[in-house]
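Now for the letters of each chain:
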Amino acid sequence: MSNDIQRIQVNSRLAGCVIHNGLVYLSGQVPTSLDADIKQQTLEVLEKIDHLLAQSGSDKSRILTAQIWIKNIVTDFDIFNQCWEAWLPQHTAPARAALQADLARSQILVEIMLTAAVKEN
């Protein structure tokens, strides 16, 4: 294992993900389409996660933990879970927490942050 720290998609505030000691730490991912419904926003976030995991040498089958924030859990939790379960490979579910939260912008309906293992060479 390397003690090097690698950062991907870095700006002055955060990195899209950080890789260290065989783990990938993704920052909270939010949708681009702020006028979309929960299904479209969730699909966009999952696509962003796929892209960051690929860039970091991992994939969704290697997710260890996920933290999920949903703006309106009463109306949107079931739709979110349908998207999540269709996206996640069978028998690879991570440890996970999901809760309702006011997010950084009022139009954002979902945010996902996770940790994954890097693929072994």
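Overview of the structure. (Residues numbered from 1 in each chain as written. Predicted model: local features only at pLDDT ≥ 70, side-chain atom pairs only at ≥ 80, totals over all residues. Heavy atoms only, no water.)

What about the overall build of the protein chain?
A count of helical and extended segments in the protein chain gives two helices and six strands. Secondary structure elements of the protein chain, listed N to C terminal, follow the sequence β-β-β-α-β-α-β-β. Taken over C-alpha atoms, the radius of gyration comes to 14 Å for the protein chain, in line with the 14 Å a tight globule of 121 residues would show. C-alpha extents for the protein chain along the principal axes are approximately 45 × 35 × 20 Å. If you take every contact in the protein chain between residues at least 6 apart in sequence, the share linking residues at least 24 apart comes to 69%. Of the accessible surface of the protein chain, which amounts to about 7,100 Å², a share of 49% is contributed by carbon and sulfur atoms. One way to put it: in the protein chain the 10 positive side-chain charges average out to a point 4 Å from where the 13 negative ones average out. (Helix = DSSP H or I, 4+ residues; strand = E, 2+ residues; numbered from the N terminus. Rg over C-alpha atoms; globule rule 2.2 N^0.38 Å. Contact = heavy atoms within 4.5 Å. Areas by Shrake-Rupley, 256 points an atom, 1.4 Å probe, with all protein chains shown as cover. Lys, Arg positive; Asp, Glu negative; His and termini not counted. Charge placed at Lys NZ, Arg CZ, Asp CG, Glu CD.)

Side note on the environment of Leu-109
Of note, Leu-109 is situated in the loop between strand 5 (95-100) and strand 6 (110-117). A residue is classified by how much of its surface remains accessible, and Leu-109, at 17% relative accessible area, is buried. Distance in space between the C-alpha atoms of Leu-109 and Lys-39 is 9.5 Å, their sequence separation being 70 residues. Apart from the residues within four sequence positions on either side, Leu-109 is in contact with Ala-36, Asp-37, Ile-38, Gln-41, Trp-69, Ile-70, Lys-71 and Leu-103. (Buried < 20%, exposed > 50% of the residue type's maximum accessible area, 1.4 Å probe, protein only.)

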